[in-house]
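# An overview of the molecular structure
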Amino acid sequence: MPPYAQDAKRLSLLFDYGVATDREVIEWADSQIVTLDSPPDALMQLAVTRPTDTAAIISHLHTLSAEAEFWPAFRTALARLHQHVLAHPDDAERIANDIYRTVLMFTDVPAEFSFAYRFDDAFSLAREGTFGDEGTVRREFTDELQRFTTAA
């Protein structure tokens, strides 16, 4: 697996979740080019992509992360999502939904990520006033994400 693949997968997830910015991704590509003897074309193309060209950014990240292992990259992304939710608590429900939709794409989800199934509904029930309150759900969600900060 190329040395940049895992990072590309992590950035791809974070970009999809709206946490990593276009400029951050392009700066990452620049930093990778400097460290590699023979950077792949997709990395070179990503480095010169217009920040507003979201489709191209996503396409290049997917190409660069093709050989990555999904779950380790996802685990690492969760640490950054924890930081994001702490800084932007109003994004917690959206992030929970994004994580939920991500794990739904797989049939064999590692047990450590099973929390993802719970919070999408928990936020919805709390928002509707059916069960629980949003502050408690947000705190519990943040606590779950925090477990991944030591693994990053």
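Whatever comes next refers back to the structure up there.
Here's a quick rundown of the structure. Treat the numbers as computed from the prediction; the structure is a model and nothing was measured.

Basis of the calculations
- Residues numbered from 1 in each chain as written.
- Predicted model: local features only at pLDDT ≥ 70, side-chain atom pairs only at ≥ 80, totals over all residues.
- Heavy atoms only, no water.
- Helix = DSSP H or I, 4+ residues; strand = E, 2+ residues; numbered from the N terminus.
- Buried < 20%, exposed > 50% of the residue type's maximum accessible area, 1.4 Å probe, protein only.
- Contact = heavy atoms within 4.5 Å.
- Areas by Shrake-Rupley, 256 points an atom, 1.4 Å probe, with all protein chains shown as cover.
- Arc of directions from axis to C-beta.
- Phe/Tyr/Trp six-rings, centres within 6.5 Å; stacked < 30°, edge-to-face > 60°.
- Expected span 1.5 Å × (residues − 1).
- Salt bridge = Lys/Arg side-chain N within 4 Å of Asp/Glu carboxyl O.

### A word on the overall build of the chain
- When helices and strands are counted, the chain shows 8 helices and 0 strands.
- Ordered by position from N to C terminus, the α and β elements of the chain give α-α-α-α-α-α-α-α.
- The principal-axis extents of the C-alpha atoms in the chain amount to approximately 55 × 30 × 25 Å.
- For the chain, buried positions account for 42% of its 152 residues.
- Of the contacts made within the chain by residues no fewer than 6 positions apart, 63% connect residues no fewer than 24 positions apart.
- As displayed, the chain offers around 8100 Å² of accessible surface, 50% of which is attributable to carbon and sulfur atoms.

### Section: helix α7 (residues 116–128)
- Along α7, the residues that are buried comprise A116, F119, D120, F123 and A126. Mapping the buried residues of α7 onto a view down its axis gives an arc of 140 degrees, with all of them on the same face.
- On its buried side, α7 packs onto α6 (92–104) and α8 (134–146).
- A positive backbone phi angle near 80 degrees is found at G129, which sits one or two residues after α7.

### Thoughts on the packing of aromatic side chains
- Taken as a whole, this structure holds 13 aromatic pairs when the rule is applied.
- Here the aromatic rings of F115 and F148 are separated by 5.7 Å at their centres, their planes lie at 40 degrees, and the arrangement is tilted. Remark: F148 occurs in the segment after α8 and F115 occurs in the loop between α6 and α7; sequence separation between them is 33 residues.
- Classification of F115 by relative accessible area gives buried; the value is 5%.
- Ring centres of F123 and F141 lie 5.8 Å apart, and the angle between their planes is 80 degrees; on these two criteria the pair is classed as edge-to-face. One end of the pair, F123, is in helix α7; the other, F141, is in helix α8, with 18 residues separating them in the sequence. For the pair F123 and F141, one class covers both residues: buried.
- An aromatic cluster is defined as three or more aromatic residues linked by ring pairs; in this entry it consists of F70, W71, F74, F106, F113, F115, F119, F123, F141 and F148.

### A look at helix α1 (residues 5–16)
- With 12 residues, α1 should reach 16 Å at 1.5 Å per residue; the first-to-last C-alpha distance of 16 Å fits that figure.
- In terms of burial, α1 is a largely internal element, 9 of the 12 residues being buried.
- Those residues of α1 that sit buried are A5, A8, K9, R10, L11, S12, L13, L14 and F15.
- Considering only its buried residues, α1 is in contact with α2 (22–35), α4 (54–64) and α5 (70–87).
- Immediately beyond the C-terminal end of α1, within one or two residues, lies G18, with a positive phi of roughly 80 degrees.

### Re the side chain of R10
- Its place among the elements puts R10 in helix α1.
- Note on R10: relative accessible area 16%, which makes it buried.
- Beyond its immediate chain neighbours, meaning those up to four positions away, R10 contacts A73, T76, A77 and R80.

### Digging into the environment of F115
- Considered as a pair, F115 and F141 are 26 residues apart in the sequence and their alpha carbons are 8.5 Å apart.
- Beyond its immediate chain neighbours, meaning those up to four positions away, F115 contacts L78, F141, E144, L145, R147 and F148.

### Quick look at the pattern of salt bridges
- Counted according to the given criterion, the structure contains 9 salt bridges.
- In this structure, D98 and R94 form a salt bridge, with 3.1 Å as the shortest nitrogen-oxygen distance. Residue D98 and its partner R94 are located together in helix α6, separated by 4 residues, close to a single helical turn.
- Look at R94 and you get partly exposed, because its relative accessible area is 32%.
- In this structure, R147 and E144 form a salt bridge, with 2.9 Å as the shortest nitrogen-oxygen distance.
- Here R147 falls in the partly exposed class, since its relative accessible area comes to 43%.
- One salt-bridge network, in which partners are shared between bridges, spans D91, R94, D98 and R101.

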